[in-house]
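Commentary on secondary and tertiary structure
Each chain is listed here by its residues.
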Protein chains: 2
Amino acid sequence: MKLAVLGVGLVGGSLGLAVRDKLGAEVAGYDPDPTTLDRALQVGAVDVEASSIADAVSGAEVVVCAAPVNSLPDLVAAALDASGPETVVTDVGSTKLGLAEAIAGHESASRFIGGHPLAGAETSGVSNSRADLFEGARWFLTPTASSEGVLFDRLHNLLADIGARPQAIDPAEHDRMMATISHLPHVLANSLASRAAETLSDGERRPEVGRSFRDSTRVAGANPAIWGEIFKANSGAVADEVDAVVARLQEVSKLLREGDAETLRAYQEDAYRDRQLLLESGHAGGRLLELRLAVENRPGVVAEIALALGRAGVNIEDMSLAPSDDQRTGAISIWVAGDQEAGRAAAIVAELGHSVTTVAGA
Amino acid sequence: MKLAVLGVGLVGGSLGLAVRDKLGAEVAGYDPDPTTLDRALQVGAVDVEASSIADAVSGAEVVVCAAPVNSLPDLVAAALDASGPETVVTDVGSTKLGLAEAIAGHESASRFIGGHPLAGAETSGVSNSRADLFEGARWFLTPTASSEGVLFDRLHNLLADIGARPQAIDPAEHDRMMATISHLPHVLANSLASRAAETLSDGERRPEVGRSFRDSTRVAGANPAIWGEIFKANSGAVADEVDAVVARLQEVSKLLREGDAETLRAYQEDAYRDRQLLLESGHAGGRLLELRLAVENRPGVVAEIALALGRAGVNIEDMSLAPSDDQRTGAISIWVAGDQEAGRAAAIVAELGHSVTTVAGA
């Protein structure tokens, strides 16, 4: 089988490595940047460097467009134009509706099936490619009523064969879902960071920012080039989410100005339940429990704890460190999936002499 | 010197330990729960168990009210009533304006100086008390124009002597600042969790929640009893912050519906700068750099990394783990203060065979 990868960054490169490693497929790579393409060959992500899109897709059963979101409509159209009537063309962009609409009028639209793997956002570049990047990763596919079934099957099976978990979803639904769980958090983080900068930057008394602030603003201002494109590509769905949160916040403001402590406590309890619902949905290993540790904040203390848990085979789902202002003491929260696992972890941490409080999923 | 602690939980107990250890002071403790008071005596947080507020404050130079926010007005008034004309009365509540207003009319209001240590929120109970809980911790004090200078001096020196960093601030300004950096993030986290639960809970397709969502909702629904009280005690300032964010979000919604990619990119860049400004203000060790690692997600991998950094004396300011959906691979972000320290950390991590990308403060 021959696969063409148009755009050999982290995702395109990792896909090339995976299909070569696991399926023995031939991979033709094309990239507008010749240095990048050379690097892809060096790391084994492609078998051959194609000199053009037409060269790359010639004879390919599957063409994957792995380029920035704003260049995808032209790239996918070019790939459809250049490829044969049996070739499925897909992409890996993080929004799906705009592209689907842009391609809908193409004479070969039935050969295009949009895709979006949930993997690999932290590093970039073909040099960081890994054959196992998509192992177990959700890979959304957005076929439409006009999509050819045999091509969808081929693409689905290819992704499953490299260890990904393909799932079909309507493009609009995909974008709305991503707006909620990914794009909206970025907008809220931005708003919080900017509001705080506005009110606190008097130069004289900038407070130490605490843990909740840091967690809540961690993604504020993330990669402006990429995020400008994502916001643009999914602007309608993100704006809808922002409007929905505005309506909620207006209610909260009213509650704050008029409510009593009991009402505000009930409001907080509702949020607790909502978060649990969402967190538990994503963790097959059982509900997440949080272990809160008070520790001396010195080099090595995290290592001791993580090492002891690792030795006992306890997997840390998530971790957050919050050094106190003096940097001498700190709070560590460790999330572990499942009550039994959390119990073991708490015992191990206590054994090391740290005080530990276990909180159900907080 | 004699100190009275009214309410011996984590904060009251740790203060007792600190002044006994470091200043050789006598500590009289009072708590409405006799079991808690017994425990305080056992762990050495108090010298004597007082049978009443009057018994505790008798002969004390300093009285610290360390009880839940909603009980503080009555407790502080009772402490002022029972204590002598040379005694300073303070508290450790996380909001300050309401209490200051409640006490303003008291005939001994000049002996009350509000306080708020930024420490110890992660665990609770006198059993977790530590003499070093306040070492290097910011401790806000809220004297007013009527406060007696000699009493402020005594309180300020006591806190400095146990290693805290006292700082005077206007009660209203304190509450507004906490509204921005602590209370507002909780409201936004709640709104995000609840919005996501509303749109995504169709039972059939709850998505795995990603890292940005988890970070942004980590404090959603935190301790409803405590947070109901905090929201109530600081309702005006928090509502003002919520309203300000609503105004921002309404602008963002407009920008999303009308703006082009360049405008949205500029919006994202503004948020990046705002976050940097705030993060850098809190870290004397130099700007924070983020090291992004792609690693195999197995027990022990975090330990290896943290241990290697610890051995080299590199302190981890903050850490975030994001296992991929399959739990086999994962991204780790480590925050290190200062360019040089980050460079050393990156070299150590690379030496261990992990790919690492260093990002300035992202």
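Residues numbered from 1 in each chain as written. Chains lettered and ligands numbered in written order. Predicted model: local features only at pLDDT ≥ 70, side-chain atom pairs only at ≥ 80, totals over all residues. Heavy atoms only, no water.

Moving on, we get to the overall build of chain A. Scanning chain A from terminus to terminus reveals 13 helices and 12 strands. Counting the 362 residues in chain A, one finds 59% classified as buried. Pairs at least 24 apart in sequence give 72% of the contacts found in chain A among residues at least 6 apart. For chain A, the accessible area works out to roughly 12,900 Å², and carbon and sulfur atoms hold 49% of it. (Helix = DSSP H or I, 4+ residues; strand = E, 2+ residues; numbered from the N terminus. Buried < 20%, exposed > 50% of the residue type's maximum accessible area, 1.4 Å probe, protein only. Contact = heavy atoms within 4.5 Å. Areas by Shrake-Rupley, 256 points an atom, 1.4 Å probe, with all protein chains shown as cover.)

The subject of this paragraph is the sheet that holds strand 7 (residues 138-142) of chain A. Residues and elements named next belong to chain A. Taken in spatial order, the three strands make up an open sheet running 6-7-8, and their pairing is mixed. Only two strands of the sheet have a single neighbouring strand rather than two, namely strand 6 (114-117) and strand 8 (165-168). Sheet twist, expressed as the mean angle between neighbouring strand axes with direction ignored, is 25 degrees. Both strand 6 and strand 7 contribute to a ladder of four bridges, which runs antiparallel. Residue G114 lies in a different strand from strand 7, and its bridge partner there is T142. Strands in contact with helix 6 (residues 149-161) are strand 7 and strand 8; relative to strand 7, the strand with the most contacts, it is inclined by about 170 degrees. (Pairing = 2+ DSSP bridges. Axes fitted to C-alpha atoms, helices over the stretch in contact; angles between N-to-C directions.)

The buried fraction of helix 12 (residues 301-311) of chain B amounts to eight of the 11 residues, a majority that puts the element mostly inside the structure. Residues of helix 12 of chain B that are buried include every one of V301, V302, A303, I305, A306, A308, L309 and G310 of chain B, and no others.

Let us look at the pattern of salt bridges. Inspection of every chain in the model, using the stated rule, returns 24 salt bridges over all chains. Of the charged contacts in the structure, one is a salt bridge between R195 of chain A and E241 of chain B, with a shortest N-O distance of 2.8 Å. One end of the pair, R195 of chain A, is in helix 7 (residues 171-200); the other, E241 of chain B, is in helix 10 (residues 235-258), on a second chain. Under the relative-accessibility criterion, E241 of chain B is labelled buried at 2%. The partner of D270 of chain B in a salt bridge is R273 of chain B, with the nearest N and O atoms 2.6 Å apart. Of this pair, D270 of chain B and R273 of chain B both sit in helix 11 (residues 261-281), three residues apart, which is roughly one turn of that helix. (Salt bridge = Lys/Arg side-chain N within 4 Å of Asp/Glu carboxyl O.)

Attention now goes to the confidence of the model for chain A. Put simply, chain A has an average pLDDT of 86, and 88% of its residues get 70 or more. On the interface metric, ipTM, the complex scores 0.73, and its pTM is 0.74. (pLDDT = per-residue confidence, 0-100.)

We now examine the environment of D74 of chain B. All names here are of chain B. Along the polypeptide, D74 turns up in helix 4 (residues 72-82). A relative accessible area of 64% places D74 in the exposed class. Considered as a pair, D74 and T35 are 39 residues apart in the sequence and their alpha carbons are 22 Å apart.

This part takes up the nonpolar core. Within the largest apolar cluster, 60 residues are counted, with the highest numbers of intra-cluster contacts made by L249 of chain A together with L249 of chain B. For this core, the elements supplying multiple residues, two or more each, are helix 7, helix 9 (224-233), helix 10 (235-258) and helix 11 (261-281) of chain A together with helix 7 (171-200), helix 9 (224-233), helix 10 and helix 11 of chain B. With residues up to four places along the chain from it excluded, the contact list for L249 of chain B reads V187, L188, S191, V242, V245, V246 and L249 of chain A. In this structure, L289 of chain A together with L291, I332 and A342 of chain B belong to the second largest nonpolar core, which totals 40 residues. (Core = buried A, V, L, I, M, F, W, Y, C linked by side-chain atoms within 4.5 Å.)

This part takes up helix 9 of chain A. Residue pairs three or four apart in sequence face the same way in an α-helix, which turns once every 3.6 residues. Within helix 9 of chain A, burial applies to P224, W227, G228, I230 and F231 of chain A. Burial along helix 9 of chain A is one-sided: seen end-on, the buried residues are contained in an arc of 165 degrees. (Arc of directions from axis to C-beta.)

Turning our attention to the packing of helix 12 of chain B against helix 13 (residues 339-351) of chain B. Residue and element names in this part refer to chain B. Relative to each other, helix 12 and helix 13 sit at 135 degrees, their axes nearing to 10 Å. Relative to helix 13, the element helix 12 is oriented oblique. At the point where helix 12 passes helix 13, the crossing takes the right-handed sense. Here I305, A308 and L309 of helix 12 come into contact with helix 13, specifically with A345, I348 and V349. When its residues are assigned to classes, the contact of helix 12 with helix 13 shows six nonpolar, no polar and no charged. (Parallel < 35°, antiparallel > 145°, perpendicular 65-115°, else oblique. Left-handed = near helix turned anticlockwise from the far one by under 90°. Nonpolar A, V, L, I, M, F, W, Y, C, P; charged D, E, K, R; others polar.)

Let us look at the pairing of strand 4 (residues 62-65) of chain A. Residues and elements named next belong to chain A. Residues V62 and V64 of strand 4 are buried on one face, and the alternating residues V63 and C65, pointing to the opposite face, are buried as well. Direction of pairing for strand 1 (residues 2-6) relative to strand 4: parallel, over a ladder of four bridges. Following the sheet pairing, L3 is matched in strand 4 by V62. Sheet analysis places strand 4 next to strand 5 (residues 88-91), joined by four bridges and oriented parallel. Paired with V63 across the two strands is V89, which belongs to strand 5. Handedness of the β-α-β unit built from strand 4, helix 4 (residues 72-82) and strand 5 comes out right-handed. (Right-handed = clockwise from strand over helix to strand, strands pointing away.)

As a further point, take the environment of G44 of chain B. Residue and element names in this part refer to chain B. Checked against the element boundaries, G44 lands in the loop between helix 2 (34-42) and strand 3 (48-49). Exposure remark for G44: the relative accessible area of 16% places this residue in the buried category. Once residues within four sequence positions are removed from consideration, G44 is found in contact with L17 and R20.

Let us look at the packing of aromatic side chains. Per the counting criterion, the structure on display carries six aromatic pairs over all chains. For the pair W227 of chain B and F231 of chain B, a centre-to-centre distance of 5.4 Å together with 55 degrees between the ring planes defines the contact as tilted. Placement of both W227 of chain B and F231 of chain B in helix 9 is noted, with a separation of four residues, approximately one turn of the helix. The exposure classification of W227 of chain B matches that of F231 of chain B, with both residues buried. Put simply, the rings of W227 and F231 of chain A together with Y267 of chain B touch in pairs and so form one group of aromatic residues. (Phe/Tyr/Trp six-rings, centres within 6.5 Å; stacked < 30°, edge-to-face > 60°.)

To continue, consider the sheet that holds strand 7 (residues 138-142) of chain B. All names here are of chain B. Taken in spatial order, the three strands line up as 6-7-8 in an open sheet, and their pairing is mixed. Among the strands making up the open sheet, the edge pair consists of strand 6 (114-117) and strand 8 (165-168). Looking at each pair of strands side by side, their axes are set apart by 25 degrees on average, direction ignored. Together, strand 7 and strand 8 form the strand contacts of helix 6 (residues 149-161), whose direction differs from that of strand 7 by roughly 170 degrees.

Residue and element names in this part refer to chain A. Orientation of helix 7 relative to helix 9, taken along the N-to-C sense of each, is 120 degrees, at an axis distance of 11 Å. Between helix 7 and helix 9, the angle is such that the two are oblique. Pair helix 7 / helix 9 crosses with left-handed handedness. Judged by residue contacts, S182, H183, H186, V187 and N190 of helix 7 engage W227, I230 and F231 from helix 9.

Residue and element names in this part refer to chain B. Counting buried positions over the five residues of strand 7 gives five, a clear majority of the element. In strand 7, alternate side chains face the same way, and those of R138, F140 and T142 on one face and W139 and L141 on the other are all buried. Two elements, strand 7 and strand 8, share four bridges in a ladder whose sense is parallel. Residue L141 lies in a different strand from strand 8, and its bridge partner there is A168. What joins strand 7 to strand 8 is helix 6, and the crossover it makes is right-handed.

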